Amino acid sequence: MGSLKLEPAIARLDLLAGPVAAALEVWPPDAPIDGDQVLVAPIDADLADTAAFCEAYGVGLEQSANCVIVAGRRGEVTRYAACVVLATTRADVNGVVRRHLEVRKASFAPMDDAVRLTGMEYGGITPIGLPASWPVLVDARVVAMPHVIIGSGVRHSKIAIAGPALGALPGAEVIEGLAREV
């Protein structure tokens, strides 16, 4: 995982957003990995954006996953979902995600809404610890990866986790073709 100094996240809750730390403390016993196998590493917060992070820490884009929050509307109802895709791909928000949420219109959630609703920092949002009512849509390519780097809920650290574990998070649904190559 490049030059990251990884250690068990459960031992470094100070490197995680509150909702992420809370989720790790109640890690599902039937998950494909134990909670102590979720690793975290401190990083420079100014390098949290994927391209800058990968270059600075020697992590390949294909080893990095992004979590984006999508808002879909149907009438007066707004539905939220998280999409987890490899950094070499882009979520098909207007196709696959829109249909999955059964909404007329879907787009990336406004930054202020995403931050307020998740309790996480923009640029660090992760699928671990999201609101329980939200679906977590995970591209099948992410689950196929032995390990990926994702956000930690804050900009000053990153999580390393087995790809299959992301597909087993509460509310997760693995979707073939959720993302397209960029």
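Along every chain, residues carry numbers that run from 1 in the direction the sequence is written. At least 70 in pLDDT is required for a residue's local features to be given in this predicted model, at least 80 for side-chain atom pairs to be given and counted, and no such filter applies to totals for whole chains, interfaces and linings, which use all residues. Excluded from the side-chain calculations are hydrogens and water; all other atoms, namely the structure's heavy atoms, are used.

### Description of helix α2 (residues 50–57)
When a residue's accessible area, from a 1.4 Å probe over protein chains only, is under 20% of the maximum for its type it is buried; when over 50% it is exposed; and in between it is partly exposed. Helix and strand labels come from DSSP, where a helix needs a run of H or I of at least four residues and a strand needs a run of E of at least two; each type is numbered from the N terminus. Here α2 has its buried residues at Thr 50, Phe 53, Cys 54 and Tyr 57. In a view along the axis of α2, the buried residues occupy a sector of 95 degrees, so they form one face of it. The outward face of α2, more than 90 degrees from its buried face, is lined by the exposed residues Ala 51 and Glu 55. Throughout, a residue-residue contact means that at least one pair of heavy atoms, one from each residue, lies within 4.5 Å. Contacts from the buried residues of α2 go to β3 (65–74), β8 (148–151) and β9 (157–161). Phi turns positive one or two residues past the end of α2, at Gly 58, with a value near 65 degrees. Note that the arc is computed from the directions linking the helix axis to the C-beta atoms.

### Topic: the packing of aromatic side chains
Think of it this way: a Phe, Tyr or Trp ring, Trp meaning its six-membered ring, pairs with another when their centres are within 6.5 Å, and the plane angle makes it stacked under 30 degrees, edge-to-face over 60, tilted otherwise. Under the criterion given, the structure shown has 2 aromatic pairs. Here the aromatic rings of Tyr 80 and Trp 134 are separated by 5.4 Å at their centres, their planes lie at 20 degrees, and the arrangement is stacked. Within this pair, whereas Tyr 80 is found in strand β4 (residues 77–86), its partner Trp 134 is found in the loop between α4 (111–118) and β7 (136–139), the two being separated by 54 residues in sequence. Comparing Tyr 80 with Trp 134 shows no difference in burial state: the two are buried. The ring of Phe 53 carries the charged tip of Lys 158 above its face, separated from the ring centre by 5.0 Å. Whether a charge lies above a ring is judged from NZ of Lys or CZ of Arg, which has to be within 6 Å of the ring centre and within 35 degrees of the ring normal.

### A short note on the sheet that holds strand β10 (residues 172–175)
With mixed pairing, 5 strands are arranged side by side in an open sheet as β6-β3-β4-β7-β10. Because the sheet does not close on itself, it has two edges, and the strands there are β6 (105–108) and β10. With strand direction ignored, the average angle separating the axes of adjacent strands in the sheet is 30 degrees. The pairing criterion for strands is at least two bridges between them, as found by DSSP. Note: β3 against β6, 4 bridges, orientation antiparallel. Opposite Gly 72, over in β6, you have Ala 106 as the bridge partner. Only the stretch in contact is used when fitting a helix axis, every axis being a line fitted to C-alpha atoms; angles between N-to-C directions are given from 0 to 180 degrees. Relative to the sheet, helix α3 (residues 93–101) contacts β3, β4, β6, β7 and β10, its axis offset from that of β6 by approximately 120 degrees.

### Section: the pattern of salt bridges
Salt bridge, as used here: a side-chain nitrogen of Lys or Arg that lies within 4 Å of a carboxyl oxygen of Asp or Glu. If you walk through the whole model with that rule in mind, you get 8 salt bridges. Across the pair Asp 14 and Arg 12 runs a salt bridge whose closest N-O atoms are separated by 2.7 Å. Taking the relative accessible area as the measure of exposure, Asp 14 reaches 51% and is therefore exposed. Residue classification places Arg 12 among the partly exposed positions, given a relative accessible area of 23%. For Arg 141, the salt bridge identified is with Glu 181, shortest N-O distance 3.1 Å. One end of the pair, Arg 141, is in helix α5 (residues 140–143); the other, Glu 181, is in strand β11 (residues 179–181), and 40 residues separate them in sequence. Of the residues examined, Arg 141 reaches a relative accessible area of 29% and is grouped as partly exposed. We classify Glu 181 as exposed; its relative accessible area is 53%. One salt-bridge network, in which partners are shared between bridges, spans Glu 7, Arg 12 and Asp 14.

### Considerations on the nonpolar core
Among buried residues, those of type Ala, Val, Leu, Ile, Met, Phe, Trp, Tyr and Cys that are joined through side-chain atoms within 4.5 Å constitute a nonpolar core. By size, the foremost hydrophobic cluster in this structure holds 42 residues, and its most contacted members are Trp 27, Ile 69, Ile 128, Ile 159, Ile 161 and Leu 166. When contributions to this core are tallied by element, the ones reaching two or more residues are α1 (18–25), β3, β4, β7, β8, β9 and α6 (163–166). Not counting chain neighbours up to four residues away, the residues in contact with Ile 161 comprise Trp 27, Ile 33, Val 38, Ile 128, Pro 146, His 147, Val 148, Ile 150 and Leu 166. Within the second largest apolar cluster, 15 residues are counted, among which are Val 70, Ala 106, Leu 178 and Ala 179.

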